[in-house]
Amino acid sequence: MGSMQLACMGQVVRIEAPSAHSPWNTFPDSVKVGITFYDLPKTYKTLISDNLKKAFSNRSEKPKSTLYSADQTTMWIVQNWQSVLATVALFIGAFFAALMIWDGSKDKKPDSPEWSKGIFEKIKSEKK
C-alpha cells in the first residue's frame, strides 16, 4: 500500500504454495512467505501492521495471524505465565532435592566390617 520503502533485516521462516482449492491459487507462481524481522523499530512495526490491515480491508479475506499492534500493553510475563510457573516449580523442586541429599549425606558414617576392626593394633602386635 503506497510507495514507502523500509530498510530492515529479516529471515524467511516459512514459504507456502497454494493448495488446489485455495482462493489465491488463481495467481500464477504465487507463494505465501512468513518473515521474522531483526530489531525492527516500533514505528516500522506499526507501519507494516497498518498497511497490512488496509490491504486486507480492501479484500474480503481476513488475516489469519495476529498483526503487531502499537497499543499492546500486555507484559511478557502475563503472556507466558505457564512457562514461568513451570520454571519456578522446577527450580524449587531442584533446590529441595539438593537440600535433602545434602542433609541425608552429612549424618552417614561409613560402617567398617568386623574383620577390619582393630587391624592396625593386630599388625603392630605381630611385628613385635
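Residues numbered from 1 in each chain as written. Predicted model: local features only at pLDDT ≥ 70, side-chain atom pairs only at ≥ 80, totals over all residues. Heavy atoms only, no water.

A. Spatial organisation of the overall build of the chain. Along the backbone of the chain there are four helices and two strands. Looking at the chain as a whole, 5% of its 128 residues are labelled buried. Across the chain, every contact between residues at least 6 apart in sequence was considered, and the portion connecting residues at least 24 apart equals 40%. As displayed, the chain offers around 11800 Å² of accessible surface, 61% of which is attributable to carbon and sulfur atoms. (Helix = DSSP H or I, 4+ residues; strand = E, 2+ residues; numbered from the N terminus. Buried < 20%, exposed > 50% of the residue type's maximum accessible area, 1.4 Å probe, protein only. Contact = heavy atoms within 4.5 Å. Areas by Shrake-Rupley, 256 points an atom, 1.4 Å probe, with all protein chains shown as cover.)

B. View of the pairing of strand E1 (residues 9–16). Of all eight residues that make up E1, zero are buried, and the element is exposed over most of its length. Relative to strand E2 (residues 32–38), E1 runs antiparallel, the two sharing seven bridges. Within E2, the residue paired with Gly10 across the bridge is Phe37. (Pairing = 2+ DSSP bridges.)

C. Layout of the side chain of Ser30. Turning to its location among the elements, Ser30 is positioned in the loop between E1 and E2. Of the residues examined, Ser30 reaches a relative accessible area of 18% and is grouped as buried. Not counting chain neighbours up to four residues away, the residues in contact with Ser30 comprise Pro18 and Trp24.

D. Main features of the confidence of the model for the chain. With 80% of its residues at a pLDDT of 70 or more, the chain has an overall mean of 77. Mean pLDDT values over the elements of the chain span from 75, in helix H4 (residues 119–127), up to 91, in helix H3 (residues 81–106). (pLDDT = per-residue confidence, 0-100.)

E. Molecular detail of the packing of aromatic side chains. Applying the stated criterion across every chain yields a total of one aromatic pair. Geometrically, the ring pair formed by Phe95 and Phe96 is edge-to-face, given 5.5 Å between the ring centres and 70° between the ring planes. Note on Phe95: relative accessible area 52%, which makes it exposed. (Phe/Tyr/Trp six-rings, centres within 6.5 Å; stacked < 30°, edge-to-face > 60°.)

F. Layout of unusual backbone geometry. Residue Asp39 is not a glycine yet carries a positive backbone phi of 45°. Here Asp39 shows up in the loop between E2 and helix H1 (42–57).

G. Representation of the pattern of salt bridges. Counting across every chain of the model gives one salt bridge. Close ionic contact of Arg14 with Glu16 constitutes a salt bridge, the shortest N to O distance being 3.0 Å. Given a relative accessible area of 31%, Glu16 falls into the partly exposed group. (Salt bridge = Lys/Arg side-chain N within 4 Å of Asp/Glu carboxyl O.)

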